[in-house]
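Per-entry structural report
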Amino acid sequence: MTNVDWKKVRAEFPILAQEVNGKPLIYMDSAASSQKPRAVIDAISRYYERDNANVHRGLHELSSRATDAFEGARAKLATYLGAASPDEIIFTRGTTEAINLVANTWGPQNLRSGDVILLTELEHHSNLVPWQMLAARTGATLRFVPLADDGTLAFTPALLDGVKLFAFTHISNSLGTITPAADFCRAAREQGAVTLVDGAQSVGHIPVDVRAMGCDFYAFSGHKMCAPTGSGGLYGRLELLRTIPPWHGGGEMIVSVTYERATYKQPPAKFEAGTPNIAGAVGLGAAVDYLEALERPAIFAHDSALTAHAIALLAEIPGVRVLGPTGARGALVAFHAEWAHPHDLTTYANEHGLALRGGHHCNQPLMRKLGYPGTTRASFYFYNTTAEVERMADILRGAHKFFDA
Ligand code: PMP
């Protein structure tokens, strides 16, 4: 691992050098969306100032530059995720659209009444609602891997009986649980089930190698890994992508069209109808370069140290219950404070310049299961510092005095 100067890295994020409500901004909502380094902001500006044109169509200089930048970003992502080929990377607006793509293409083609879709009790609404819609459409049923008391999943291979698809999160956005993705994929493969991994919280935080993981699909969002909103994608195993139908019809995804019918290109073009988010892909490519230079094991080590420190400090505050596993976990900590509602607590934190998130975190069934209306969550990234974690704990100690007086 390289020795990173995290202070210098933090200075590359212009947004962090500001005050909010008269206090230095402490941004601890990166699980919702990360901030962007100057390198990514500049790559997008440069693209618009020098290269902007539509891709794959014009034979002029700018179109060919735009196409190179767009396809170059795809190739970078393929390497970053350990895919066998850039053709396995489909650009989407993010995780939600990537999951909906699979649910609307592979889903109706492969699921029949009585088939089972296996999910887990941890899933974000993005990896739940599309499968509910698909189940209603096909007559398939949903089954859930139960949550154990320690915040991990109580998986047994018997849960895979009759399962055609196993879709699960890699890192829980509410509890920070890191699921044993390679083990789940192996068990699913042995039963002939296809796997989809929701990588929204893992893609920018831990090393990801889709071939070592053995998944069929991996969905991810650019905006959680230093790239712009509206960027992201779906990795799909090429043999599988070749067999499934397109989703959106339109320009660029066709080989030939008559008034009556059309033939489609090979993946990934088959799944990318219309003008794509070219600037978003350029920004995503720059974000991949940026994260690769920092090295993901170093990012994970830094984030894990902050998370462990935060958990220790929060656990000392009276009436605070820290949720989630005690072992390795993602870069976030959610907690329940018995003396304040999460919305009141996050409003109080905001008055002190601290950005936390309070609510159900798009995990309503999980919150119901845990018996809380919502939780308060601090989520970290490599630009956060130990001093900020300590300041967060100070602010929350102040909140305890304020609310519990
Ligand atoms: N899954 C998980 C685990 C997430 O944390 C999120 C974002 N909060 C999503 C899916 C959805 O991502 P997006 O809104 O970028 O599509």
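Small disclaimer: the values here were computed from a predicted structure and weren't measured. (Residues numbered from 1 in each chain as written. Predicted model: local features only at pLDDT ≥ 70, side-chain atom pairs only at ≥ 80, totals over all residues. Heavy atoms only, no water.)

Here we take up the packing of helix α10 (residues 278–294) against helix α11 (residues 296–315). One can describe the packing of α10 onto α11 by two numbers: an axis separation of 6 Å at closest approach and a directional angle of 75 degrees. The orientation of α10 with respect to α11, classified from their angle, is roughly perpendicular. Facing α10, whose interface residues are L291, E292 and L294, α11 presents R296, A298 and I299. A breakdown of the residues in the contact of α10 with α11 according to their chemical character gives four nonpolar, no polar and two charged. (Axes fitted to C-alpha atoms, helices over the stretch in contact; angles between N-to-C directions. Helix = DSSP H or I, 4+ residues; strand = E, 2+ residues; numbered from the N terminus. Parallel < 35°, antiparallel > 145°, perpendicular 65-115°, else oblique. Contact = heavy atoms within 4.5 Å. Nonpolar A, V, L, I, M, F, W, Y, C, P; charged D, E, K, R; others polar.)

The environment of the ligand is formed by T95, T96, H124, S126, T169, N173, D198, A200, Q201, S221, H223 and K224. The side chain of Q201 places a nitrogen or oxygen atom 2.7 Å from an oxygen atom of the ligand. Between an oxygen atom of the ligand and a side-chain N or O atom of S221, the distance comes to 2.7 Å. Expressed as a share of its isolated accessible area of 400 Å², the protein-covered part of the ligand is 85%. Residue composition of the shell around the ligand, grouped by class: one nonpolar, nine polar and two charged. (Near = heavy atom within 4 Å. Polar contact = N/O pair within 3.5 Å; in protein donor to acceptor, adjacent residues only side chain to side chain. Areas by Shrake-Rupley, 256 points an atom, 1.4 Å probe, with all protein chains shown as cover.)

The domain architecture assigned to the protein consists of domain 1 (6–30 + 296–403) and domain 2 (41–293). Each of domain 1 and domain 2 has a C-alpha centre, and the two are 28 Å apart. Across the boundary between the two partners, domain 1 contributes 32 residues, which contact 32 residues of domain 2. Interface area, domain 1 with domain 2, both sides summed: about 2,500 Å², of which 58% is carbon and sulfur. On inspection of domain 1 and its partner domain 2, the count reaches two salt bridges. (Domains from an automatic or database assignment. Buried area = accessible area lost by both parts, 1.4 Å probe. Salt bridge = Lys/Arg side-chain N within 4 Å of Asp/Glu carboxyl O.)

As a further point, take the sheet that holds strand β17 (residues 375–379). The strand order across the open sheet built from four strands is β13-β14-β17-β16, with neighbouring strands paired in antiparallel fashion. Single-partner strands in this sheet number two, and they are β13 (320–322) and β16 (357–359). Each adjacent strand pair in this sheet contributes to an overall mean axis angle of 30 degrees, direction not counted. Of the strand pairs in this sheet, β13 and strand β14 (residues 332–337) are connected by three bridges, and their pairing is antiparallel. Along β14, the bridge assignment pairs V320 with A337. (Pairing = 2+ DSSP bridges.)

Further remarks concern the pairing of strand β8 (residues 194–198). For β8, the tally of buried residues reaches five of five residues, placing the bulk of the element in the interior. Residues V194, L196 and D198 point to one face of β8 and T195 and V197 to the other, with burial holding for every one of them. As paired elements, strand β7 (residues 163–169) and β8 share five bridges and run parallel to each other. Opposite L165, over in β8, you have V194 as the bridge partner. Handedness of the crossover joining β7 and β8 through helix α7 (residues 181–190) is recorded here as right-handed. Pairing of β8 with strand β9 (residues 217–221), which is carried by three bridges, proceeds in the parallel orientation. For V197, the partnering residue across the bridge sits in β9 and is Y218. (Buried < 20%, exposed > 50% of the residue type's maximum accessible area, 1.4 Å probe, protein only. Right-handed = clockwise from strand over helix to strand, strands pointing away.)

A separate point is the environment of T385. Looking at where T385 falls in the secondary structure, it is placed in the loop between β17 and α14 (386–403). The spacing of T385 and A305 is 80 residues in sequence and 9.8 Å in space, taken between C-alpha atoms.

Each packed pair of helices is defined by two parameters, the angle between the axes and the distance between the axes. Between helix α12 (residues 342–351) and α14, the least distance of the axes is 10 Å, while the angle of their chain directions is 120 degrees. Classified by the interaxial angle, the pair formed by α12 and α14 is oblique. Of the two elements, α12 crosses α14, and the hand of that crossing is right-handed. Contacts between α12 and α14 involve D344, L345, Y348 and A349 on the former and, on the latter, I395, L396, G398, A399, F402 and F403. Of the residues belonging to the contact of α12 with α14, the class tally is eight nonpolar, one polar and one charged. (Left-handed = near helix turned anticlockwise from the far one by under 90°.)

Our next topic: the packing of aromatic side chains. All told, the structure shown has 20 aromatic pairs when counted by the stated rule. Between the aromatic rings of F166 and F168, the centroid separation amounts to 4.8 Å while the plane-to-plane angle is 45 degrees, which identifies the pairing as tilted. The exposure classification of F166 matches that of F168, with both residues buried. Taken together through their ring pairs, the aromatic side chains of W6, F13, Y290, Y381, F382 and Y383 make up a single cluster. The aromatic ring of Y80 is capped on one face by R296, whose charged end is 3.6 Å from the ring centroid. (Phe/Tyr/Trp six-rings, centres within 6.5 Å; stacked < 30°, edge-to-face > 60°. Lys NZ or Arg CZ within 6 Å of the ring centre and 35° of its normal.)

Look at helix α3 (residues 61–81): 30 Å from first C-alpha to last across 21 residues, which is about the 30 Å you get at 1.5 Å a residue. The set of residues buried in α3 consists of S63, A66, T67, F70, A73, R74, L77, A78, Y80 and L81. For α3, the secondary structure elements touched by its buried residues are α2 (38–51), β4 (89–91), α8 (210–213), β9, α10 and α11. G82 occupies a position one or two residues after α3 and carries a positive phi of about 75 degrees. (Expected span 1.5 Å × (residues − 1).)

Attention shifts here to the sheet that holds strand β6 (residues 141–145). Across the sheet, which stays open at both edges, the seven strands sit in the order β4-β10-β9-β8-β7-β5-β6 with mixed pairing between neighbours. At either margin of the open sheet sits one strand with a lone partner, and together these are β4 and β6. With direction set aside, neighbouring strand axes in the sheet form an average angle of 20 degrees. Helix α4 (residues 95–104) rests against β4, β8, β9 and β10 (232–236) of the sheet, and its axis sits at about 150 degrees to β9. Against the sheet, α7 makes contact with β7 and β8, and its axis sits at roughly 175 degrees relative to β7, the strand it touches most.

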